[in-house]
Amino acid sequence: MLYVQSNQSGIIKGEIRKLNKEHKGLISVGKSKLSLFSNFPHVSIKIYDVQVLETKEKNAPIIMDVKDIYVGFNLWDILKGNYDIQSLIVEEGVFNIVIHENNTTNIQNSLASTQETETPSTNIHLKKIKLKNLDFHTLDEATNTDVEKYIYTGTGGFSQADSIIAGHIDTDFELNVVKDGDTTFIHKKHFEIHTDVAFNEYTGILDIQPSGIVMENGDFELEGSIDTKNDVDLDLSIKGTKPNFDMLIAFAPTDVIPILNKYKNAGEIYFNASIQGPSNKGNRPFINANFGAGKAFLENTEKRKKIDNMGFNGHFTNGANRNTSTMEFSLTNMTASLEKGEFK
């Protein structure tokens with residue numbers, strides 16, 4: 001233990017040198033600090049100012065730049081010379097993930113082996129991970145679309161059996177989508193996700209069990225699968241029912257939501273959608289959504305105005321071409337009781 005305590009800086013820098021030798025990317029770190037007894041027999045090493053670059057070239061693009069990373073090991077593994085990372089806490093930083101037009105990513109390029117056969121010296125068998133205040137950007141070069149997820153908090157627990165990595169993830173974040181430098185409809189949308197997933201390392205398929213999603217004040221259930229080895233092929237379903245308009249209001253522009261929330265409302269509200277097809281290399285998945293309301297009302301309590309017995313059926317799709325040329329939106333079977341008559 002005294003050896004680990006007195007040599008922790010050398011251990012970390014030695015492992016970084018090995019990783020840099022084994023991979024085409026570059027990792028740089030600042031100072032480190034050891035916590036030996038707080039969670040014995042697990043050892044936590046706090047590493048400051050961690051950067052990961054795509055290559056070792058001068059001015060190479062930065063993939064990750066974070067203020068603090070806590071790396072957790074088992075002390076007995078360290079004493080045996082086996083540096084097996086079992087937990088991570090990552091705080092305060094930026095991740096820039098780029099999907100290149102040839103369908104490779106900057107992470108893949110960074111992790112690519114410098115040798116014909118990979119013989120990694122550091123093992124990673126994560127059982128726990130925590131994230132705090134991290135700004136994730138995913139740029140698809142083919143569509144010039146940047147998906148930003150600012151993660152306020154995130155926790156995960158993982159286990160592995162053969163080629164299957166199973167995990168439970170809880171996170172809350174803000175989502176922004178920027179296309180060709182301009183903000184899109186998805187702007188400052190707040191999400192919470194609570195999900196159980198299983199990733200098959202052999203097939204590349206991520207299975208998502210029925211999971212809870214909160215977007216703004218709307219509650220939804222998500223389930224399906226993502227084929228990461230075939231153009232990130234999506235097969236997802238999203239559904240929800242609620243006794244008020246929160247689910248539908250969640251899709252409104254961010255600056256309009258506070259206005260809509262001023263209206264007292266209730267009703268039998270439903271939302272069902274499917275997202276299917278490849279989603280990278282310039283591809284867009286097929287989106288089909290049905291939504292509606294029945295036995296609903298909207299009331300402006302300040303002006304004492306009310307629309308009662310509301311009902312409608314809505315439909316949205318991006319169509320065969322997956323873009324605005326085939327996009328369709330419709331509202332049918334609309335009914336409402338006004339103060340002076342009915343609308344049908």
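The coordinates are above.
Here the residue index of a chain counts from 1 through its sequence in written order. pLDDT decides what is reported in this predicted model: residues at 70 or higher carry local features, side-chain atom pairs at 80 or more are listed and counted, and totals for whole chains, interfaces and linings draw on all residues regardless. With hydrogens and water excluded, all non-hydrogen atoms of the structure serve as input to the side-chain values.

**Quick word on the pairing of strand β10 (residues 189–200)**
Okay, step 1: Bridge analysis of strand β8 (residues 164–179) against β10 gives 12 bridges, and the strand direction is antiparallel. The residue of β10 that forms the bridge with A166 is A198.
Okay, step 2: The pairing of β10 with strand β11 (residues 205–215) spans seven bridges and is antiparallel. Bridging from a neighbouring strand, A198 pairs with D207 of β11.
Okay, step 3: Whether two strands pair comes down to DSSP finding at least two bridges between them. For the purposes of this entry, the term helix denotes a DSSP run of H or I that reaches at least four residues, the term strand denotes a run of E that reaches at least two, and both are numbered from the N terminus. In sequence, β10 turns back onto β11 through a hairpin of four residues, with G204 there showing a positive phi of about 80 degrees.

**With respect to the pairing of strand β14 (residues 264–277)**
Within a regular strand, side chains alternate between the sheet's two faces.
Okay, step 1: Bridging between strand β13 (residues 233–242) and β14 involves nine bridges; their strand directions are antiparallel. Across the sheet, the residue bridging to K239 is N272, located in β14.
Okay, step 2: Pairing of β14 with strand β15 (residues 286–300), which is carried by 12 bridges, proceeds in the antiparallel orientation. Of the residues in β15, the one forming a bridge with A266 is F297.

**Structural notes on the nonpolar core**
Okay, step 1: Here, nonpolar core means buried Ala, Val, Leu, Ile, Met, Phe, Trp, Tyr and Cys residues that are tied together by side-chain atoms lying within 4.5 Å of each other. Throughout, exposure labels follow a simple rule: accessible area from a 1.4 Å probe, protein chains only, divided by the maximum for the residue type, with under 20% read as buried, over 50% as exposed, and the rest as partly exposed. In this structure, V66, F245 and F271 are the most contacted members of the largest nonpolar core, which totals 53 residues.
Okay, step 2: Tallying contributions element by element places strand β4 (residues 62–74) first for this core, with six residues.
Okay, step 3: Residue contacts are counted whenever heavy atoms from the two residues lie within 4.5 Å of one another. Non-local contacts of F245, meaning those with residues more than four positions away in its chain, are made with N265, A266, I269, A293, A296, F297, L298, M310 and F312.

**Looking at the packing of aromatic side chains**
Note on aromatic pairs: each is described by the distance of the centres and the angle between the planes.
Okay, step 1: Any pair of Phe, Tyr and Trp rings, taking the six-membered ring for Trp, is counted once the centres come within 6.5 Å. Such a pair is stacked with planes under 30 degrees apart, edge-to-face with planes over 60 apart, and tilted for the rest. Under the defined criterion, the tally for this structure stands at seven aromatic pairs.
Okay, step 2: Summarising the aromatic geometry, the rings of F95 and F136 are spaced 4.3 Å apart at their centres and angled 5 degrees between planes, so their arrangement reads as stacked. A residue pair is termed long-range when its members are at least 10 positions apart, and F95 in strand β5 (residues 84–99) and F136 in strand β6 (residues 123–140) qualify at 41 residues. Comparing F95 with F136 shows no difference in burial state: the two are buried.
Okay, step 3: Each residue in the set F220, F251 and F271 is aromatic and connected to the rest through ring pairs, giving one cluster.
Okay, step 4: We call a charge positioned over a ring when the NZ of a Lys or the CZ of an Arg lies within 6 Å of the ring centre and within 35 degrees of the ring normal. The ring of F297 has K306 lying over it, and the distance from NZ or CZ to the ring centre is 4.7 Å.

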